[in-house]
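# What the coordinates show
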Amino acid sequence: MATPWRTAWITGASTGIGRELALALAGSGVKVAASARTADRLAELAQIAPGVAPLPLDVADRAAMAQAARGIAGTLGPIDLAIFNAGIWEPMSSRNFSSATAGRSMAINYMGVVNGIEAVLPGMIERGSGHIAMVASVAGYRGLPPTAAYGPTKAAVINLAETLRDDFAARGITVTVICPGYVETPMTARNKFPMPFIIPAEDAARRIIRGLAKRKFEIAFPWQLVALMKLGRILPYPLFFWYARTFLAPPRRK
Ligand SMILES: NC(=O)c1ccc[n+]([C@@H]2O[C@H](COP(=O)([O-])OP(=O)(O)OC[C@H]3O[C@@H](n4cnc5c(N)ncnc54)[C@H](OP(=O)(O)O)[C@@H]3O)[C@@H](O)[C@H]2O)c1
């Protein structure tokens, strides 16, 4: 598939959705800077896909993110497309409520995106073009147990994207928010609850790239889970809590 980008930066590219995105984009001729914490997985990826340049870092490290963006621009060229995808999922509820867990999730899932935007924005503003995509989740549409640490980070990413869309568009920069349902990756491999409509990571990457090429604001899939979750978003609270208990939340443990 021909793509409109020359240089892309993907965070969370060592496994799962990010890795598939890196492989697919590199396969269609895009120069891809691939970031995650685990350097050896990124090195393996670069061996399979010569268009991938490994760039290990922690997205929670603001200075490292800024340095990476400058480095990519200097070596691979101006960043046309930045996909801030790195994330962690730690179930949290009344059984294990912890500010440390919530803080870790926010530092990576939300501040990791913010750090990335801060790093690429000056170059994109200067050129009057660029595409920033942030990976949220259908879990950000409404609060559901046991996502007390994860859900708020994804709701924050969705809100951030909504906030920035028109502002950045006026400067020639496209904003996309990506809301996947369940995808087969190391993140979901340890879930014990049913994951309806789950799709392979390769399929998720295909859908994301198709949506990005169309410069969509929101890329959400699969439609069945998106429809269930979006219905939950428009229901008034008493109806929503019944609906969530009945149709959306994983079975509760005592
Ligand atoms: N799988 C799903 O069902 C699903 C559904 C909705 C949304 N999502 C979102 O999609 C994104 C990708 O998830 P995935 O399912 O592909 O999970 P995954 O396979 O666990 O991948 C997560 C990626 O993020 C990286 N990462 C984690 N913490 C990082 C940090 N501090 N700095 C840099 N990189 C970091 C991981 O690499 P290192 O550990 O090496 O750093 C890995 O490359 C996440 O934002 C997730 O919330 C996933």
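Residues numbered from 1 in each chain as written. Predicted model: local features only at pLDDT ≥ 70, side-chain atom pairs only at ≥ 80, totals over all residues. Heavy atoms only, no water.

### Some words on the site of the ligand
Within the structure, the ligand sits among 31 residues, and Ser14, Thr38, Tyr150, Val183 and Thr185 are positioned closest to it. Note that an oxygen atom of the ligand is positioned 2.7 Å from one of the side-chain N or O atoms of arginine 37. In the environment of the ligand, an oxygen atom lies 2.7 Å from a nitrogen or oxygen atom belonging to the backbone of valine 183. A total of 880 Å² of accessible area belongs to the ligand in isolation, and the protein chains cover 94% of it. Residue assignment for the shell around the ligand shows that the elements contributing at least two residues are α1 (16–27), α5 (150–169) and α6 (186–189). Counting residues per element, the shell around the ligand draws most heavily on α6, at 3 residues. Classifying every residue of the shell around the ligand by side-chain character gives 16 nonpolar, 11 polar and 4 charged. (Near = heavy atom within 4 Å. Polar contact = N/O pair within 3.5 Å; in protein donor to acceptor, adjacent residues only side chain to side chain. Areas by Shrake-Rupley, 256 points an atom, 1.4 Å probe, with all protein chains shown as cover. Helix = DSSP H or I, 4+ residues; strand = E, 2+ residues; numbered from the N terminus. Nonpolar A, V, L, I, M, F, W, Y, C, P; charged D, E, K, R; others polar.)

### Here's the deal with the sheet that holds strand β6 (residues 173–180)
The strand order across the open sheet built from 7 strands is β3-β2-β1-β4-β5-β6-β9, with neighbouring strands paired in parallel fashion. The open sheet has two free edges, formed respectively by β3 (52–54) and β9 (218–221), since each of these has just one partner strand. Across the sheet, the axes of successive neighbouring strands diverge by a mean angle of 15 degrees, strand direction being ignored. Summarising the sheet, strand β2 (residues 31–35) and β3 pair through 3 bridges and their orientation is parallel. Each bridged residue has a counterpart across the sheet, and for valine 32 the counterpart in β3 is valine 52. Taken strand by strand, α1 contacts β1 (7–11), β2, β3, β4 (81–84) and β6, and its axis lies near 165 degrees from that of β1. Packing of helix α3 (residues 62–75) onto the sheet brings it into contact with β1, β2 and β4, and relative to β1 it is tilted by some 155 degrees. (Pairing = 2+ DSSP bridges. Axes fitted to C-alpha atoms, helices over the stretch in contact; angles between N-to-C directions. Contact = heavy atoms within 4.5 Å.)

### Looking at the pattern of salt bridges
According to the stated counting rule, one finds 5 salt bridges in the structure shown. Among the salt bridges present, the one from glutamate 118 reaches arginine 62, with a minimum N-O distance of 2.7 Å. Here arginine 62 lies in helix α3 and glutamate 118 lies in helix α4 (residues 99–127), a separation of 56 residues in the sequence. Between glutamate 218 and lysine 230 there is a salt bridge, with the nearest N and O atoms lying 2.7 Å from each other. A residue pair is termed long-range when its members are at least 10 positions apart, and glutamate 218 in strand β9 and lysine 230 in helix α8 (residues 223–234) qualify at 12 residues. When its relative accessible area of 26% is taken as the criterion, lysine 230 is described as partly exposed. (Salt bridge = Lys/Arg side-chain N within 4 Å of Asp/Glu carboxyl O. Buried < 20%, exposed > 50% of the residue type's maximum accessible area, 1.4 Å probe, protein only.)

### Let's talk about the packing of α8 against helix α9 (residues 237–248)
Running from N to C, α8 and α9 point in directions that differ by 160 degrees, and their axes come no closer than 9 Å. Relative to α9, the element α8 lies roughly antiparallel. The way α8 lies across α9 gives a crossing that is left-handed. Of the residues in α9, those in contact with Leu228, Met229, Leu231 and Gly232 of α8 are Phe240, Tyr243 and Leu248. A per-class count over the contact of α8 with α9 returns 6 nonpolar, 1 polar and no charged. (Parallel < 35°, antiparallel > 145°, perpendicular 65-115°, else oblique. Left-handed = near helix turned anticlockwise from the far one by under 90°.)

Honestly, that's just the spatial picture; any functional story needs more than this.
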